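Chain by chain, the residues run as shown.
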Amino acid sequence: MKNAKILEPDAPISANKEKQTVVVIGNGMVGHKFIEQLQEAKAAGQGDYEIITFCEEPLLAYDRVHLSEYFGGKSADDLSLVTPGFYEDNGIKVLLNEKATGIDRDAKTVTGSQGTVVEYDKLVMATGSYPFVPPVPGKERDDVFVYRTIDDLDQMMECSKRGKVGVVVGGGLLGLEAANALKNLGLEAHVVEFAPGLMGVQLDQGGSDMLRTKIEELGVQVHTSKNTQQIVDGDDCTHRMEFADGTSLETDMIVFSAGIRPQDELAREFGLEIGERGGIIIDDNCITSDPNVYAIGECALYDNMIYGLVAPGYAMAQAAVDHITGSLKSTFAGADMSTKLKLLGVDVCSIGDAHCRTEGAQAYTFVDETAQTYKKLVVDADKKRVLGAVLVGDGDAYGNLLQMKLNDMDLPETPEALILPSVDGEAAAGLGVDALPDTAQICSCNNVTKGDLCSAIASGCTDMGQLKDCTKAATACGGCAALTKQVLDNELEKQGIEVDKSICEHFAYTRQELEHIIRVEKIKTFTELMEKHGEGHGCDICKPTVGSILASTWNEYVLKPQHSVLQDTNDRALANMQKNGTYSVVPRVPGGEITPDKLIVLGEVAKKYNLYTKITGGQRIDLFGAQLHELPLIWEELIAAGFETGQAYGKSVRTVKSCVGSTWCRYGVQDSVGMAIFIEERYKGLRSPHKLKFAVSGCTRECAEAQSKDVGVIATENGWNLYVSGNGGMKPRHADLIASDLDDETLIKYIDRYLMFYIRTADRLQRTSVWTENLEGGVDYIREVVCEDSLGIGAELEEQMELIVDTFQCEWKTTVEDPERRKHFQHFVNSKETDSNIKWVDERGQIRPAQKTELEAEV
Amino acid sequence: MNAVAQTNDLATQVCELDFIPEHGGVCALVEGQQVAVFKLGGKVLAIDNYDPFSEAYVLSRGIVGDLKGQLVIASPVYKQHFNLETGVCLEDEEVTLKTWETEVVDGIVYVKH
Ligand code: SRM
Ligand SMILES: Cc1cc2nc3c(=O)[nH]c(=O)nc-3n(C[C@H](O)[C@H](O)[C@H](O)COP(=O)(O)OP(=O)(O)OC[C@H]3O[C@@H](n4cnc5c(N)ncnc54)[C@H](O)[C@@H]3O)c2cc1C
Ligand code: SF4
Ligand code: FES
């Protein structure tokens, strides 16, 4: 090679002065990135450089972050970070398999293990780090490994063929990844951790506990608070690890993953300044104590920190390049160590101050033991800023929270919403990406800002694939993918590029638009709507939606033949379908008040038809296990006893929960039962985008839990306080107070308006809580519309409600009185037989559906 | 080509065509088997009443319609879709239900065996 200044030993040649020679020691992830960036600068005319790199490993730079995928079948080639031909084509000299062993800083030369001597103008140390192995007697035994290079993995793979059990020492991020690798190699995998919890650096105790539960469920055994004293020969396995507490563990393979130490040996030996606990000290330009020597990546110590992640390493590489070329475009100013990982398939994220150590910091924690998720949000004393977060099991909120922290953004009024799960696929409440500044870094791996994304989108990248190709965002760790997508959607929407919001392929309209069309054009049937505004036969999305809108608007009997075929599963039978095709029956019990006689009827009917009986969470009684043909018979008896349908099956008004109130309770200030019954009688039968629940409490003690309902009413000395848009269920939301001390009449007027406004404008299957969160202006806007009539539609909304109230019919009464309709309540249209596949077994004195295994046992 | 006049070994009588509302369904007992029969877009279509995902006999109580040009029935339990003409499940093509031929004679619907 013409210009290469690879010198024979003892024969140094003086540097070519037109070019600067840059020597890079270490061809790992960061060293390689540096070379790419310097080459790019060179191509852009920012100077001419001769680049030479020492590469101790037998391979050019490969992706250590995805190292574990080597076990999953990826080859060394797949993991390579080097575009084929990159080094050759650009005349970059690689000294493969050669470790740099000496530096002469006065002569400015580097000597390699094979005797090569190279002159430099600028030297870059990118030697990375090495795994720390604690000084445990026995650590030098065979079949004891570390987890860092492809070579380590080859050896582990070989060893796994000889044994059954594998242990990883160290329950940090890499240790858990190594444990997964052992498991994938077919070994019984264990993790031994010195500290009381896993991933102690990134996670708090709660997050760590949840992670442990999940990991143990995946079959990796976790042993915490274990101090390994020595490793000796085992009885059943190769080794026995003996712990300080007297216990021991036998294993065929041991992998140490107890942390990393900067690889600063060479730098130390040749007089560069080293930190107290290791690491080559650098400044903002990544310059070491020698102005011609830089250090980048995991070997560098910046502001007393070693950055054990690839993104900060890349930022250092850029800073060094910018200093060498003199462009000075960037410097290194420390990096955010937030991480999002998938460990054994489990999302684990840690942001900033996860341990809540900042003075005055406060935390919100959300634990879902059923879904096994743990989320903690740490905010400052004023609840204005995100300080940190821990997410285990569900990392969806990571992107949002990280951006809010990095950009110092204001938190919403209820910060906890940021970590609460979302319902019905609605996006969790969070920041709009619109609020992010253009400088916000969206992809930290590849340093892509929101501005970069926006300009790529503006120049024609209109889907994720193109955007990734064009900007490299979301192509490394993938942690930023969700946020990148949000920026894409948001930009497209702003450019007026249609983001399709049609409810389905049959109607190019949203639910709100369909509601408007139906009301304004006075459309009464699905067929008519389809003829005028749709295409095709419809489907299980648009039919129930239109069925519901028709019912909320005109309130006709939902089982009229033309409407019956639109109804979703439950509405079609006016009962809730159970897992085996039978139904449950829930008669209305307004306000939860019921006479002994009526209770007796329920008991008798349940007994006669052999129905499972349960008190519901909505203060009424559910009778389960009725077959289709029995429904009209059961209802005939219930109606005769004065019951009405409870619409437990509909997206409609369900129950109005009440407390005993002033009539009996020594604290009650109003008749909450009376008001609850009045409200339930008024709105019963009202169909809506999703179900509606109400409650009325007799005083501020709130025994009816009104603040968790769509409409909550709480008695005061002077009348009623009205709360709206509360939710229990999957994502609880406290209701908001919109008016105080109302008299009965105003209370009802406001509820009329609120409900109709919701029905007119919500999406399908959107509870009032989510509707409110998504409404521009939120609760304040609702308050203006409802209490101040800011849109001037108050009277119209009340009128629409009046029509619903006036046209109420008990749909079950209509059904049992209509012989034609009753014919549809039979299992077979051509036989009196019933479904022979329905089987019951006895449990605690009542029936329940037989399980498959029980059915098989019977045969 | 021979009109089927009544239930015989070739076909089973279901009900009057008018009994099934447009887009509606019924369940018929055909030689001991449960068959769901629908009226959709001028056709009478029949498919097993068994929903393999919930293992319940309920398909006749689902919603029919079309998706990307295929006539489908959505299970009333977990909402998987089955092509009414081929029986193939749209969400999992490994799952196929039996479809049945139908015939309407003198306003009466029959399912052929
Ligand atoms: C029967 C009952 C449980 C019980 O034995 O207590 C029940 C049973 C069902 N609930 Fe519930 N919920 C029952 C009270 C509740 C409550 C408590 C309450 O109303 O005070 C809640 C939380 C309050 C709330 O809704 O905000 C509740 C939150 C849900 C949710 C979650 C809704 C949400 O917004 O997150 C669902 C799922 C849905 O609707 O999409 C649900 C869905 C269901 C379904 C319909 C599931 C289904 O699709 O089959 C269950 C039907 C049972 C049946 O066949 O009869 N059920 N459900 C309760 C009936 C009350 C009643 O008398 O009508
Ligand atoms: C299994 C595993 C999973 C990881 N997962 C993640 C993750 O999900 N996210 C993340 O951000 N980070 C992750 N990391 C860390 C990430 O890989 C490192 O931060 C990154 O590789 C650091 O790059 P580097 O160039 O500084 O060091 P390295 O990539 O280690 O490169 C240093 C190179 O220099 C060579 N070298 C050292 N001394 C000499 C010498 N004297 N002469 C010649 N060559 C020398 C070494 O052999 C090595 O090849 C993971 C690491 C591992 C091991
Ligand atoms: S809310 Fe008040 S009035 Fe009602 S039961 Fe509780 S304490 Fe009594
Ligand atoms: S942040 Fe890692 S790929 Fe974008």
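Residues numbered from 1 in each chain as written. Chains lettered and ligands numbered in written order. Predicted model: local features only at pLDDT ≥ 70, side-chain atom pairs only at ≥ 80, totals over all residues. Heavy atoms only, no water.

## Some details on the packing of aromatic side chains
- Per the counting criterion, the structure on display carries 14 aromatic pairs over all chains.
- Where W812 of chain A meets F825 of chain A, the ring centres are 5.3 Å apart and the plane angle is 50°; that geometry is what we call tilted. Linking W812 of chain A in helix α25 (residues 811–816) with F825 of chain A in the loop between α26 (819–822) and β39 (840–843), this pair joins segments that are 13 residues apart in sequence.
- The exposure class assigned to W812 of chain A is buried, which follows from its relative accessible area of 0%.
- Here a set of aromatic residues connected by ring pairs shows up, and it is made of Y754, F757, Y758, W771 and Y781 of chain A.
- Above the face of the Y314 of chain A ring, K33 of chain A is positioned so that its terminal group lies 4.5 Å from the ring centre.
- Taking NZ or CZ as reference, K98 of chain B lies 3.8 Å from the ring centre of W100 of chain B, over its face. (Phe/Tyr/Trp six-rings, centres within 6.5 Å; stacked < 30°, edge-to-face > 60°. Helix = DSSP H or I, 4+ residues; strand = E, 2+ residues; numbered from the N terminus. Buried < 20%, exposed > 50% of the residue type's maximum accessible area, 1.4 Å probe, protein only. Lys NZ or Arg CZ within 6 Å of the ring centre and 35° of its normal.)

## Overview of the site of ligand 2
Residue and element names in this part refer to chain A.
- In the neighbourhood of ligand 2, 29 residues make up the surrounding shell, with V30, E57, R64, R148 and E298 lying closest.
- A126 places a main-chain nitrogen or oxygen 3.5 Å from an oxygen atom of ligand 2.
- E298 is positioned with one of its side-chain polar atoms (N or O) 2.6 Å from an oxygen atom of ligand 2.
- Considered on its own, ligand 2 offers 980 Å² of accessible surface; in the complex 93% of this is hidden by protein. (Near = heavy atom within 4 Å. Polar contact = N/O pair within 3.5 Å; in protein donor to acceptor, adjacent residues only side chain to side chain. Areas by Shrake-Rupley, 256 points an atom, 1.4 Å probe, with all protein chains shown as cover.)

## Brief notes about helix α23 (residues 778–787) of chain A
All names here are of chain A.
- Within α23, the full set of buried residues consists of G778, V779, I782, V785, V786 and C787. For α23, the buried positions fall inside an angular range of 165° around the axis, keeping them on one side.
- The inward-facing, buried residues of α23 abut β38 (736–742), α21 (744–761) and α22 (768–774).
- Positive phi appears at D789, one or two residues downstream of α23, with a value of about 50°. (Arc of directions from axis to C-beta. Contact = heavy atoms within 4.5 Å.)

## Some words on the pattern of salt bridges
Residues and elements named next belong to chain A.
- Per the stated rule, a full pass over the model turns up 51 salt bridges over all chains.
- Linking K485 and D489 is a salt bridge whose minimum nitrogen-to-oxygen distance equals 3.0 Å. With K485 and D489 both in helix α12 (residues 481–494) and four residues apart, the pair spans about one turn of that helix.
- Judged by relative accessible area, K485 falls into the partly exposed class, the value being 37%.
- With relative accessibility at 27%, the residue D489 sits in the partly exposed group.
- R822 is paired through a salt bridge with E636; the nearest N and O atoms lie 2.8 Å apart. Residue R822 is located in helix α26, and its partner E636 is located in helix α19 (residues 631–640); the two are separated by 186 residues in the primary sequence.
- Ionic contacts of the salt-bridge type, sharing partners, join the residues D235, R240, E242 and E250 into one network. (Salt bridge = Lys/Arg side-chain N within 4 Å of Asp/Glu carboxyl O.)

## Describing the site of ligand 3
- With respect to spatial proximity, the complete set of residues near ligand 3 consists of C659, V660, G661, C665, G668, G698, C699, R701, E702 and C703 of chain A.
- The class makeup of the residues in the shell around ligand 3 is five nonpolar, three polar and two charged. (Nonpolar A, V, L, I, M, F, W, Y, C, P; charged D, E, K, R; others polar.)

## Considerations on the sheet that holds strand β10 (residues 144–146) of chain A
All names here are of chain A.
- Here we have five strands laid out as an open sheet, ordered β10-β17-β11-β12-β13, and parallel in their pairing. For this open sheet the edge positions go to β10 and β13 (221–223), each flanked by a neighbour on one side alone. On average, adjacent strands in this sheet sit at an angle of 25° to one another, irrespective of strand direction.
- Judged from the three bridges that link them, β10 and strand β17 (residues 253–256) form a sheet pairing that is parallel. The residue bridging V146 from the neighbouring strand is F256, located in β17. (Pairing = 2+ DSSP bridges. Axes fitted to C-alpha atoms, helices over the stretch in contact; angles between N-to-C directions.)

## Some points on the interface of chain B and chain A
- The interface of chain B with chain A comprises 38 residues on the first partner and 34 residues on the second.
- By the criterion of area lost to chain A, the three top residues of chain B are F19, R61 and I63 of chain B, representing 26% of everything that side buries.
- When the shortest N-O distance is used, the salt bridge between E55 of chain B and K852 of chain A registers 3.3 Å.
- Of all the secondary structure elements, the ones that give two or more residues to the side of chain B that touches chain A are β1 (11–16), β2 (25–30), β3 (33–40), β6 (56–57), β7 (63–67) and β8 (70–74) of chain B. (Buried area = accessible area lost by both parts, 1.4 Å probe.)

## Concerning the packing of helix α13 (residues 511–520) of chain A against α21 of chain A
Residue and element names in this part refer to chain A.
- The contact between α13 and α21 brings their axes to 7 Å, and the two run at 105°. The orientation of α13 relative to α21 falls into the category roughly perpendicular. Residue-level contacts link R511, Q512, E515 and R519 of α13 to I759, R760 and T761 of α21.
- A class-by-class count of the residues in the contact of α13 with α21 yields one nonpolar, two polar and four charged. (Parallel < 35°, antiparallel > 145°, perpendicular 65-115°, else oblique.)

Bear in mind that shape data such as this cannot, by itself, settle questions of function.
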